[in-house]
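Here is how the chains run, residue by residue.
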Amino acid sequence: MVVLRVHFTAEDLNRTRIAEGADPLWETVLSLHRLRGNRGEPALAAWRQHAARHGPGPLRMLLPLVPPRGYFPDFLTPAAGSAGVEPGLEAVMTTPRRRLRAEIGLLAGQAQRPGHGQHAAPPSWMRSLADGEPAALRALARGLRTYHHTALGPGWPLIGQRVEADRTLRLHALRQDGAEAMLRTFGPAMRWRRPVLEVVYPRGGDLRLEGRGLLLVPSYFCTGPVTFADPGLPPVLVYPAAPPAEAAPGRAAGPGRGARSGAGHAEGLRLRTYGSGALRGFQTRFGSLTGTGS
């Protein structure tokens, strides 16, 4: 098993925190992976209907920047995105030219490797983007904005509900028993072995926090932990938000809800197994996340 080892100091544990809510740009970028899948994703239903009527629109620009696997540029998910779509897009449009060139260069290099598809040359607009041309940056921001509002906007309450349920769980552990207890709630893809968080990852390596702390970002569309490729950026670890049980104890499940409820129960058992004792029987207003058994 290949793992990314995230190294903590005592100061890092004190500075580890959970994001305030769903991050619009992380969700936007990660949803592009889900969009390529065959599985019907409820939060993307509106986009599929829109695209069937009006065509792919902004996807012509976005999909080449976010390939189905491997690297995508860090500048697409700036820290400012946590404050909303527009602050995030402003940060994207003001990315320094040196960084644009470096990150798009990595993306272009990846495309030439086996298993990622072969491309003779990047499209002309990507070269313009790497050069920091204002028109190309505006076009990228416009594409991200249009896709976000059209694709994710109608499903944003569902996205926010799942992320908030996960945040409630993690914050309960953090406030009850501290950062280490909270880090134990993530297994098996993220295992806490003091002072290292071992994260199942496509490539092995070490991320040394060195007093910077870690921002943990629960995500609706994330399917496996992901962080920035550049270790010099503020440390962030995005992870799949645990799905809340759709039928709370004592409430009958509605039509079509049984399978999702069973999945939520299984996720609850997983969280309880790896989590703090403080989480046993813990309830959120979205239903049980950890089960009620001992």
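For the structure, check the block above.
The rules behind the values
For every chain, the first residue of the written sequence is number 1, and numbering continues from 1 onward in sequence order. Owing to the predicted nature of the model, reporting of local features is limited to residues with pLDDT of at least 70; listing and counting of side-chain atom pairs is limited to 80 or more, with chain, interface and lining totals taken over all residues. Side-chain measures here rest on the full set of heavy atoms in the structure, leaving out hydrogens and waters. Helix and strand definitions here come from DSSP, where helices need a minimum of 4 consecutive H or I residues and strands a minimum of 2 consecutive E residues; each element is numbered from the N-terminal end. One less than the number of residues in a helix, times 1.5 Å, gives the span that helix is expected to have. Buried means the residue's accessible area, taken with a 1.4 Å probe over protein chains only, is under 20% of the maximum for its type, while exposed means over 50%, and partly exposed covers the values in between. The arc in question is the one spanned by the directions pointing from the helix axis to the C-beta atoms. Here the nonpolar core consists of buried residues drawn from Ala, Val, Leu, Ile, Met, Phe, Trp, Tyr and Cys, with membership extended through side-chain atoms lying within 4.5 Å. Following DSSP output, two strands are said to pair if at least two bridges run between them. Contact between two residues is taken to exist if any of their heavy atoms lie within 4.5 Å; hydrogens are not considered. Salt bridges are counted wherever a side-chain nitrogen of Lys or Arg sits within 4 Å of a carboxyl oxygen of Asp or Glu. Stacked, edge-to-face and tilted labels apply to pairs of Phe, Tyr and Trp rings (six-membered ring for Trp) whose centres lie within 6.5 Å, assigned for plane angles under 30 degrees, over 60, and everything in between, in that order. Note on geometry: axes are C-alpha line fits, over the in-contact stretch for helices, and angles between N-to-C directions span 0 to 180 degrees.

Let's shift gears to helix H8 (residues 134–152). Counted at 1.5 Å a residue, the expected span for H8 with its 19 residues is 27 Å, and the 26 Å between its end C-alpha atoms agrees. Along H8, the positions that sit buried rather than exposed are Ala136, Leu137, Leu140, Ala141, Gly143, Leu144, Tyr147, His148, Ala151 and Leu152. Projected onto a plane normal to the axis of H8, the buried residues spread over an arc of 160 degrees and lie on a single side.

Let us look at the nonpolar core. Side chains that are nonpolar tend, in soluble globular proteins, to be buried together. By size, the foremost hydrophobic cluster in this structure holds 71 residues, and its most contacted members are Phe8, Leu140, Tyr147, Leu183, Leu197 and Leu216. Per-element accounting of this core gives the leading share, eight residues, to H8.

Among the five residues of strand S8 (residues 236–240), four are classified as buried, and the element is accordingly described as predominantly covered. Here strand S6 (residues 215–219) runs beside S8; their pairing, made up of five bridges, is parallel. The residue bridging Val217 from the neighbouring strand is Val238, located in S8. Pairing of strand S7 (residues 226–227) with S8, which is carried by two bridges, proceeds in the antiparallel orientation. Of the residues in S8, the one forming a bridge with Val226 is Val238.

The next point concerns the environment of Glu41. Structurally, the position occupied by Glu41 is in the loop between helix H2 (24–36) and helix H3 (45–54). Separated by 10 residues in the primary sequence, Glu41 and Ser31 have C-alpha atoms spaced 9.5 Å apart. If near-sequence neighbours (up to four positions away) are discounted, Glu41 is found in contact with Arg34, Tyr220 and Phe221.

As for its position among the elements, Glu103 is in helix H6 (residues 97–111). Leaving out residues up to four positions away in the same chain, Glu103 has contacts with Tyr71, Pro73, Asp74 and Phe75.

A word on the pattern of salt bridges. Taken as a whole and judged by the stated rule, the model has nine salt bridges. Note that Arg170 is salt-bridged to Asp166, the shortest N-O span being 2.8 Å. With Arg170 and Asp166 both in helix H9 (residues 156–177), this residue pair falls four residues apart, about one helical turn. Several salt bridges share partner residues, and in doing so they unite Glu20, Glu164 and Arg167 into one network.

A few words now on the environment of Ala151. Structurally, the position occupied by Ala151 is in helix H8. The spatial distance from the C-alpha of Ala151 to the C-alpha of Leu32 is 10.0 Å, given a sequence separation of 119 residues. Not counting chain neighbours up to four residues away, the residues in contact with Ala151 comprise Ala43, Leu44, Trp47 and Thr146.

This model, assessed by the stated rule, comprises six aromatic pairs. Judged by centre distance (5.3 Å) and plane angle (90 degrees), the ring pair of Phe8 and Trp192 falls under edge-to-face. Of this pair, Phe8 sits in the loop between strand S1 (3–7) and helix H1 (10–14) while Trp192 sits in strand S3 (residues 190–193); the two residues are 184 residues apart in sequence, bridging distant segments of the chain. Its relative accessible area of 6% is what places Phe8 among the buried residues. Taking the centre distance of 6.3 Å and the plane angle of 75 degrees together, the rings of Trp26 and Phe72 count as edge-to-face.

On to the sheet that holds S1. Reading across the sheet, the four strands line up as S3-S4-S1-S5 and stay open at both edges, with mixed pairing between neighbours. Each of the sheet's edge strands pairs with one partner strand only, and the pair in question is S3 and strand S5 (205–208). With strand direction ignored, the average angle separating the axes of adjacent strands in the sheet is 20 degrees. Pairing between S1 and S5: four bridges, direction parallel. Across the sheet, Leu4 pairs through a bridge with Gly205, a residue of S5.

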